[in-house]
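Secondary and tertiary structure notes
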Amino acid sequence: MPELPEVENVRRGLTNLVKGKKISSIEARYPRMILTGAEEFEKALKNQTINSVERRGKYLIFKLDEDVFVSHLRMEGKYNLYQDEIPENKHYHIFFNFEDGSTLVYQDVRKFGTMELMKESELEDYFSRKKIGPEPTFEDFDSKGFYKSLHKSKKIIKPYLLDQSLVAGLGNIYVDEVLWRAKIYPADPANIIPKANIEKLHDAIIGVLQQSVELGGSSIRTYKNALGEEGKFQNHLKVYGKQGTPCPRCGTTIEKMKVSGRGTHFCPNCQPKRAK
DNA sequence: TTGAGTGTTGTCGA
DNA sequence: ATCGACAACACTCA
């Protein structure tokens, strides 16, 4: 389900729901989801308190007394907190039982999500091994460095942005949105995009992701935050899912195509192909 | 009914 | 180095 704005809203919801709660037991019904080993995960986290829930890119970081675990929701992961009775659901995979009787349940229809146990001191290395780029903020994400990287690369711009190395947090929805805002053809190689468009792209990445965070993210298919609430940013999408409708900027019909295997929405007039 | 498509990421082979 | 294909899995829609 989630890109950065959705993950950030899940994080905020979880902070309210489980911060300060002490785990009494964990049940991993789908052990393969826990890449570092389900048994050790269950054993290690028992009797530890969740002190904070943080985020890096699209990854959630639960910080406990002695350990941390990193949770990635992939396509459809969700967290729900139950005060007592837990409804039967075949997509409920990991159960965190708390001392106060409540239970945090991880739900994932497609079972793509992952959890990994580690020490806080290992986090930096973990994200650097995965080549997770800067957070999309003006403090962390430098426009000059971004331009330099793109200027010397023949990679196709859209999949390059999706690989998280230049900036963390974009997924298939927001990448189409920011390319539309910066008037860039999604399948063009990075090195032929004019500097002015790259600068616009840089600002759009920060602006769109931040605005979506504030609006609770986008509920496109199944996304809801940890409180079961839908986001509102889907009402502000300009191209994602808008194929066949007029471009809000120029009225040309939005098209959908495939770019490196992903459905890609764009305005053929505002985002003309520059490559021959 | 079957196949294509879905908000992600990692691996493998050319 | 890079890119496409494919994998993990379940469900929806044409």
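Note that the coordinates shown come from a computational prediction; the quantities given were computed from them, not determined experimentally.

**Describing the UniProt feature "active site" (unreviewed entry) in chain A**
Taken from the UniProt record, the annotation "active site" (unreviewed entry) applies to Pro2, Glu3, Lys58 and Arg262. In this fold, Pro2 is placed in the segment before helix H1 (4-18). For Pro2, the contacting residues outside a window of four places in its chain are Val7, Val10, Lys58, Leu73 and Tyr223. Checked against the element boundaries, Arg262 lands in strand E10 (residues 262-266).

**So, H1**
Here H1 spans 20 Å end to end across 15 residues, near enough to the 21 Å set by a 1.5 Å rise per residue. Burial analysis of H1 places eleven of its 15 residues in the buried class, which makes it a mostly covered element. Every buried residue of H1 is listed here: Leu4, Pro5, Glu6, Val7, Glu8, Asn9, Val10, Arg11, Gly13, Leu14 and Val18. Those residues of H1 that are buried lie in contact with strand E2 (52-56), strand E3 (59-63), strand E5 (77-82), strand E7 (103-108) and helix H7 (195-214).

**Things to note about the domain arrangement of chain A**
Domain assignment breaks chain A into domain 1 (4-129) and domain 2 (143-266). Once you take the C-alpha centre of each, domain 1 and domain 2 turn out to be 28 Å apart. Across the boundary between the two partners, domain 1 contributes 16 residues, which contact 17 residues of domain 2. Among the secondary structure elements, those contributing two or more residues to the side of domain 1 that touches domain 2 are H1 and E5. Per-element accounting of the side of domain 1 that touches domain 2 gives the leading share, nine residues, to H1. Looking at the side of domain 1 that touches domain 2 residue by residue, the classes come out as seven nonpolar, three polar and six charged.

**So, the packing of helix H6 (residues 172-181) against H7**
Running from N to C, H6 and H7 point in directions that differ by 135°, and their axes come no closer than 9 Å. Considering their axes alone, H6 and H7 lie oblique with respect to each other. For the pair H6 and H7, the sense of crossing is right-handed. Contact residues: H6 offers Tyr174, Glu177, Val178 and Arg181, while H7 offers Lys200, Leu201, Ala204, Ile205, Val208 and Leu209. In terms of residue class, the contact of H6 with H7 is made up of seven nonpolar, no polar and three charged.

**Quick notes on the pairing of strand E8 (residues 114-118)**
Burial of the side chains of E8 is restricted to one face: Met115 and Leu117 are buried, whereas none of Thr114, Glu116 and Met118 on the reverse face is. Pairing geometry for strand E4 (residues 68-72) and E8, over five bridges, is antiparallel. Note on E8: the bridge partner recorded for Val68 is Met118.

Parameters at a glance
- Residues numbered from 1 in each chain as written.
- Chains lettered and ligands numbered in written order.
- Predicted model: local features only at pLDDT ≥ 70, side-chain atom pairs only at ≥ 80, totals over all residues.
- UniProt positions renumbered as here; feature names shortened; annotations may be inferred.
- Helix = DSSP H or I, 4+ residues; strand = E, 2+ residues; numbered from the N terminus.
- Contact = placed C-beta atoms within 7 Å.
- Expected span 1.5 Å × (residues − 1).
- Buried ≥ 20, exposed ≤ 12 C-beta atoms within 10 Å, placed from the backbone.
- Domains from an automatic or database assignment.
- Nonpolar A, V, L, I, M, F, W, Y, C, P; charged D, E, K, R; others polar.
- Axes fitted to C-alpha atoms, helices over the stretch in contact; angles between N-to-C directions.
- Parallel < 35°, antiparallel > 145°, perpendicular 65-115°, else oblique.
- Left-handed = near helix turned anticlockwise from the far one by under 90°.
- Pairing = 2+ DSSP bridges.

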